[in-house]
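Descriptive structure summary
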Amino acid sequence: MPKAHDPLTPDLSRLLNALGLLAIGAVLLMAFYDQFVGGELPCPLCLLQRAGFVGVGVGLALNLKFGPRPSHYALAMLSAIAGDVVAARQMLLHIVPGSGSFGAAFLGMHFYTWAALLFVVIVGGCALLLLFDRQFASRPRVYRLGGLALLAFGLIALLAFANGVSTVLECGGGLCPDDPEDYLLLDSEPPAPAPAP
């Protein structure tokens, strides 16, 4: 039973989820900016981290469309944990002195380090929101999206689609290259055949 002094109403929860979804959109927009303006194609681990952010976005978007539910927060948290594991893996690849790094630094840290920190913040934020029961008090229903919620929903849908298209263009129908230099599907020259043993 929700406590009377619980400040997190379903409407306030949906507003916080919309703001969180816009923040996820900003992260993905920054990644695309670095890809298209900075000319740094994402590596396979980078693409998996983007997928983790999209998964978080799906969980938050479900809260916008169908109202706040613990299962929606769980989806966001599981996506953030998966993304954090991938980001930590990438950090460990570059932690040894002299091993180099992938991509340029942003405010003193590489994107995979920022991603690891943001995924931890997302898990903590979702866990904090789960402490407030009043947001779950209303009966399940489908909400009409408008204003900020519609903007956040549309942005994450567009970025998820763009991420999928970009990944297909970069990787073609096979494995993504470890250190991508060009979009495989847009490359005018076919890849050189592997040398015979």
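The rules behind the values
- Residues numbered from 1 in each chain as written.
- Predicted model: local features only at pLDDT ≥ 70, side-chain atom pairs only at ≥ 80, totals over all residues.
- Heavy atoms only, no water.
- Core = buried A, V, L, I, M, F, W, Y, C linked by side-chain atoms within 4.5 Å.
- Buried < 20%, exposed > 50% of the residue type's maximum accessible area, 1.4 Å probe, protein only.
- Helix = DSSP H or I, 4+ residues; strand = E, 2+ residues; numbered from the N terminus.
- Contact = heavy atoms within 4.5 Å.
- Patch = residues over 30% accessible without salt bridge, like charges linked within 9 Å, V, L, I, M, F, W, Y side chains within 5 Å.
- Areas by Shrake-Rupley, 256 points an atom, 1.4 Å probe, with all protein chains shown as cover.
- Salt bridge = Lys/Arg side-chain N within 4 Å of Asp/Glu carboxyl O.
- Expected span 1.5 Å × (residues − 1).
- Phe/Tyr/Trp six-rings, centres within 6.5 Å; stacked < 30°, edge-to-face > 60°.
- Lys NZ or Arg CZ within 6 Å of the ring centre and 35° of its normal.
- Polar contact = N/O pair within 3.5 Å; in protein donor to acceptor, adjacent residues only side chain to side chain.

1. Comments concerning the nonpolar core
Counting 29 residues, the largest nonpolar core has Leu21, Ile24, Leu28, Phe53, Val56, Leu64 and Ile122 as its most contacted members. Secondary structure elements with two or more residues in this core: α1 (10–36), α2 (44–66), α3 (70–93), α4 (111–130) and α5 (147–171). When near neighbours in sequence (up to four residues on either side) are disregarded, Val56 contacts Ile24, Ala76, Ser79, Ala80 and Ile122.

2. Brief notes about a nonpolar patch on the surface
Nonpolar side chains collect at one region of the surface, where Leu12, Leu15, Leu16, Leu19, Leu148 and Leu151 lie side by side and expose about 480 Å² of accessible area between them. Those elements giving two or more residues to the nonpolar patch turn out to be α1 and α5. Of the residues forming the nonpolar patch, the biggest block, four residues, is contributed by α1. Position of Leu19 relative to the elements: it lies in helix α1. Residue Leu19 is classed as partly exposed on the basis of its relative accessible area of 44%.

3. A word on α5
Counting along an α-helix, one turn takes 3.6 residues, and residues three or four places apart therefore face a common direction. Along its 25 residues, α5 runs 36 Å from first to last C-alpha, staying within 8% of the 36 Å computed at 1.5 Å per residue. Next to the buried residues of α5 lie α1 and α2. Note on α5: the residue one or two positions beyond its end, Gly172, has a positive phi of about 65°.

4. Structural notes on the packing of aromatic side chains
Throughout the structure, instances matching the rule amount to three aromatic pairs. Arranged with centres 4.2 Å apart and planes meeting at 20°, the rings of Phe53 and Phe119 form a pair that is stacked. Of this pair, Phe53 sits in helix α2 while Phe119 sits in helix α4, and the two are 66 residues apart along the sequence. Here Phe53 and Phe119 have matching classes, each one buried. Ring centres of Tyr73 and Phe136 lie 6.2 Å apart, and the angle between their planes is 80°; on these two criteria the pair is classed as edge-to-face. Here Tyr73 is found in helix α3, whereas its partner Phe136 is found in the loop between α4 and α5, with 63 residues between them in sequence. In this arrangement the basic side chain of Arg50 is found over the ring face of Phe32, its NZ or CZ atom lying 4.9 Å from the centre.

5. Quick look at the side chain of Gln135
Locating Gln135 in the fold gives a position in the loop between α4 and α5. Residue classification places Gln135 among the buried residues on the basis of a relative accessible area of 0%. A polar side-chain atom of Gln135 sits 2.6 Å from a polar atom in the side chain of Ser13. Among the polar contacts listed, one links the side chain of Gln135 to the backbone oxygen of Phe132, at a separation of 3.0 Å.

6. As for α4
The first and last C-alpha atoms of α4 sit 28 Å apart over 20 residues, in line with the 28 Å expected at 1.5 Å per residue. Of the positions making up α4, those classed as buried are Tyr112, Thr113, Ala115, Ala116, Phe119, Ile122, Cys126 and Leu129. Packing partners of the buried residues in α4 comprise α1, α2 and α3.

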